[in-house]
Amino acid sequence: MHDLFSSLAHHVASLPQDGVDALMGARPDVAEVLFGDVPDGQEAQTDVGSITEALVDPDGVAEAVLRLSRPAVQVLMALVDAAEGDYGGPRDWFGGPGFADLARRGAGRIGAAEVVRVLSMAGGAVEVEPHSVRAALCESLTAAARPAAMEEFDRILVGLTYSCLVWPEPGGRSFRIHDAVMDVLPVPAPEWEGFDLVQPLPEVARRLPIADVAGEAQAAATAALESVERLLRQVATDAVPLLKAGGVGAREVKRLVRASGLTEEAIRFWLYIADSAGLVACQDGKLWATPEYDQWISAEPSQRYAVLLGAWLVLPTSVLGPFALTDAAGKPPAVFSGSAFDGVGHYVRAVVLELMATRGSGAVVEVGSLADALVWRMPLVMEPEDEGIACGCGECNSQPAGDGLSGKEAATAAVATVFAEGGLLGAVVFGALAPVARALLTGSQDDVSAMVADFAAALTATVPESVGHVRLQGDMTVVAAGLPSARLTAFFDAAAEREAAGAATVWRITDSSVRRWLDSGRSAEELRSGLAEFCADEPSQALSYLIEDAARRHGLVDVIAAQAVIVTADEKLGDELAMVPVLLRLGVRRIAGTVLVLDAPQQEVLSVLRFAGYLPSAHKADGAVTVTVVAPPRASPEALPRF
């Protein structure tokens, strides 16, 4: 019998190209390993050895099993149960009631992990002959239902084969079960009645006009973009300190609330989205904006929104709503801390949105039926046993959200969480799926160009093109009717005070904002040029006077930074000291005939001048003479002898 790697390698090598494509589609974790971290200009390693190495990883197997629907889990458990019977001796050796009642394993039965350990000690692997399993699993069904059930069994077996959870062994009719599968399946098994092949469909409570859904989605998406930009401007300006234990603490979240005007829940959610999109990163004890943020903030609004939407779909945790993780006191954990990731958020989110997409445009789905469908689609996540899911990666469902809830209760909480997060982002409005999210989820994988075109059209309808001009009002306010472009935003954020944002952005030009513009080293002429570029109206007389007056008064008083000041007796000596090389290295600058300033401490300047042969005196800031007394050397107290 072949070892796991050799058996998998043989199976991968036997797959045709469409089979390899199906494998990548069924195992996104493998595709991420092979293609996710490939540097630009290099090709991904897609040879049999690289694919097999990724497939052997138990973490990926755990992810694949957690995504299985109820009938797929039943088939997999049936295969495992049959393999236990074949390789473990008589069936009563496990204390079980038999294969027909495989879903009702007794508490005294040996666990799956123990079975793997015993078999590995014997030098064997878990194999099974699937045809007998199919017959036994469908035995309890009626004669009329049996053919369709057997056909569904074969379809599920093919899917499990593409996922490489099971696969045909070389040179035989038996199938090999991945060694890591045992660690994920629950023990004891859930008490499901029969071979549950019928997927419950979410019921449509009502249908809304598509125009109403699209209009609300546009408003929510616009508000989401403005909120994320406002928050990330704060992070980009002033990096956020992290807790010593890791994560952004409650105090820093409250500070961001005061600075940005957003709620705590919104701050937490947008920070996770920004991290998922690569716009922020934790480094050296602080949360920093990344170079990707600079590229993102300069892009068109539709492109920025597409980044946020994609980051939400793959976000590996639930942030808002009743399914989100909380501590013993009911409070959310620190943002980005180790306990803040449930590991199943993206699975649940994708399934909920997919189920909503099946009910058509404008459909408001009934929450209870949607929860039932979610339980059927993700039984191992929604129906964990008391011992939880023994995931080999240590992250997936290691701290399940909704812990202590029944399957239906946990699924209802998960649906509410997806609705809360999607509502803040504009992907779910009025309980219906927004057009842009529907276009992303329902596009045909066979026609990628058509899918991209449909998504681009929905994205443009949701987030219109940015505006590049503003209206200049008589009260010195400027109004951008829509989402302003990156250049326009950068200009008015520097030259004016932002007063409102959303469907329209309003800035006000004030005396302090003009002073801030001039303090940054830019001129009044550059300000007038920018106003002429972005404003369709001529500046009012009051605004022109404001700019001219600020420019006239700016710089009349100059404050120079210095650590030491040299005052000479005459200008000739000042000319001499201004050319001394050692003082030039200290940053000496002449500001008057007899006055020079330096960027060096007073004692260092005194030492340099004395070494150069000058006899400088020293004074304090108040003009008093600085007396330097050098203390004679003494032994350290620790070195004195003890009597």
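Every value quoted in this text rests on a predicted model; they were computed, and no experiment measured them.

Reading guide: rules and limits
- Residues numbered from 1 in each chain as written.
- Predicted model: local features only at pLDDT ≥ 70, side-chain atom pairs only at ≥ 80, totals over all residues.
- Heavy atoms only, no water.
- Pairing = 2+ DSSP bridges.
- Helix = DSSP H or I, 4+ residues; strand = E, 2+ residues; numbered from the N terminus.
- Buried < 20%, exposed > 50% of the residue type's maximum accessible area, 1.4 Å probe, protein only.
- Contact = heavy atoms within 4.5 Å.
- Axes fitted to C-alpha atoms, helices over the stretch in contact; angles between N-to-C directions.
- Phe/Tyr/Trp six-rings, centres within 6.5 Å; stacked < 30°, edge-to-face > 60°.
- Lys NZ or Arg CZ within 6 Å of the ring centre and 35° of its normal.
- Patch = residues over 30% accessible without salt bridge, like charges linked within 9 Å, V, L, I, M, F, W, Y side chains within 5 Å.
- Areas by Shrake-Rupley, 256 points an atom, 1.4 Å probe, with all protein chains shown as cover.
- Salt bridge = Lys/Arg side-chain N within 4 Å of Asp/Glu carboxyl O.
- Parallel < 35°, antiparallel > 145°, perpendicular 65-115°, else oblique.
- Nonpolar A, V, L, I, M, F, W, Y, C, P; charged D, E, K, R; others polar.
- Expected span 1.5 Å × (residues − 1).

**Some thoughts on the pairing of strand S7 (residues 286–289)**
As paired elements, strand S5 (residues 240–241) and S7 share 2 bridges and run antiparallel to each other. Counterpart to Pro 241 in the pairing with S7 is Lys 286. By the bridge criterion, 4 bridges tie strand S6 (residues 280–283) to S7 in an arrangement that is antiparallel. Each residue of the ladder has a partner; that of Gln 283, found in S7, is Lys 286. From the end of S6 to the start of S7, which pair antiparallel, there are 2 residues, and Asp 284 there has a positive phi angle of about 55°.

**Quick notes on the side chain of His 11**
Turning to its location among the elements, His 11 is positioned in helix H1 (residues 4–14). We classify His 11 as buried; its relative accessible area is 4%. Residue contacts for His 11: discarding those within four places in its chain leaves Thr 161, Cys 164, Trp 167 and Pro 168.

**A look at the sheet that holds strand S15 (residues 564–567)**
Spatially, 3 strands are ordered S15-S17-S16 in an open sheet, and the strand pairing comes out antiparallel. Since the sheet does not close on itself, it has two edges, and those belong to S15 and strand S16 (589–592), each with one partner. Strand-to-strand, the axes of this sheet are offset by a mean angle of 30°, without reference to chain direction. In terms of strand pairing, S15 meets strand S17 (residues 595–598) through 4 bridges, oriented antiparallel. Paired with Val 565 across the two strands is Val 597, which belongs to S17.

**Side note on the side chain of Ser 50**
In this structure, Ser 50 sits in helix H4 (residues 48–56). By relative accessible area, which is 18% here, Ser 50 ends up buried. Residues within four places of Ser 50 in sequence aside, it is in contact with Leu 34 and Gln 45.

**Looking at the environment of Tyr 347**
Note that Tyr 347 resides in helix H15 (residues 345–357). Tyr 347 sits 281 residues away from Leu 66 along the chain, and the two C-alpha atoms are 8.4 Å apart.

**Things to note about the packing of aromatic side chains**
Scanning the model with the defined rule gives 8 aromatic pairs in all. Plain terms: the ring middles of Tyr 293 and Trp 296 are 6.4 Å apart, the flat faces sit at 35° to each other, and that makes the pair tilted. In this pair, Tyr 293 and Trp 296 are both assigned in helix H13 (residues 291–297), 3 residues apart and thus about one turn of the helix distant. Both rings, one in Phe 491 and one in Phe 492, keep their centres 4.9 Å apart while their planes meet at 85°; by these two values the pair is edge-to-face. Put simply, the rings of Phe 491, Phe 492, Trp 507, Trp 517 and Phe 534 touch in pairs and so form one group of aromatic residues. A cation over an aromatic ring shows up here: Arg 304 above the ring of Trp 296, its NZ or CZ 5.9 Å from the ring centre. Positioned above the aromatic ring of Trp 517 is the side chain of Arg 522, whose terminal nitrogen or guanidinium carbon lies 4.2 Å from the ring centre.

**What about a nonpolar patch on the surface?**
Together, Leu 556, Val 557 and Val 559 make up an exposed nonpolar region whose accessible area comes to about 390 Å². Topologically, Val 559 is positioned in the loop between helix H24 (541–553) and S15.

**Here's the deal with unusual backbone geometry**
Here the phi dihedral of Asp 284 falls at roughly 55°; this positive angle occurs in a residue that is not glycine. One can find Asp 284 in the loop between S6 and S7. The class of Asp 284 is exposed, set by a relative accessible area of 70%.

**Some points on the packing of helix H14 (residues 301–313) against helix H18 (residues 407–425)**
Look at H14 against H18: their axes get within 11 Å of each other, and the N-to-C directions meet at 170°. In terms of their interaxial angle, H14 and H18 are classed as roughly antiparallel. Residues Tyr 305, Leu 308, Leu 309 and Trp 312 of H14 form the contact with H18, whose participating residues are Val 418, Glu 421, Gly 422 and Leu 425. When grouped by side-chain class, the residues that make up the contact of H14 with H18 number 6 nonpolar, 1 polar and 1 charged.

**Quick notes on the sheet that holds strand S11 (residues 471–472)**
Spatial strand order, S11-S12-S14-S13: 4 strands in an open sheet with antiparallel pairing. The sheet is open, and its two edges are formed by S11 and strand S13 (497–500), each paired on a single side. Bridge count between S13 and strand S14 (residues 505–508): 3 bridges; the pairing is antiparallel. Opposite Ala 500, over in S14, you have Val 506 as the bridge partner. Strands in contact with helix H21 (residues 486–495) are strand S12 (477–480), S13 and S14; relative to S14, the strand with the most contacts, it is inclined by about 30°.

**Focus: helix H12 (residues 264–276)**
Because the α-helix completes a turn every 3.6 residues, residues three or four places apart line up on one side. For H12, spanning 13 residues, the distance from its first C-alpha to its last is 19 Å, which sits close to the expected 18 Å at 1.5 Å a residue. Ala 266, Ile 267, Arg 268, Phe 269, Trp 270, Leu 271, Tyr 272, Ile 273 and Ala 274 are the residues of H12 that are buried. In this structure, the buried side of H12 is in contact with helix H10 (210–237), helix H11 (250–260), S6, S7, H14 and H18. A positive phi of about 80° marks Gly 278, the residue just after H12.

**A look at the pattern of salt bridges**
Tallying each qualifying case throughout the model produces 25 salt bridges. Between Asp 475 and Arg 508 there is a salt bridge whose closest N-O contact spans 4.0 Å. Taken as a pair, Asp 475 in the loop between S11 and S12 and Arg 508 in strand S14 lie far apart in primary sequence, 33 residues in all. Glu 499 is paired through a salt bridge with Arg 508; the nearest N and O atoms lie 2.6 Å apart. Residue Glu 499 is classed as partly exposed on the basis of its relative accessible area, which comes to 45%. Here the residues in one salt-bridge network are Asp 511, Asp 549, Arg 552 and Arg 553, joined through shared partners.

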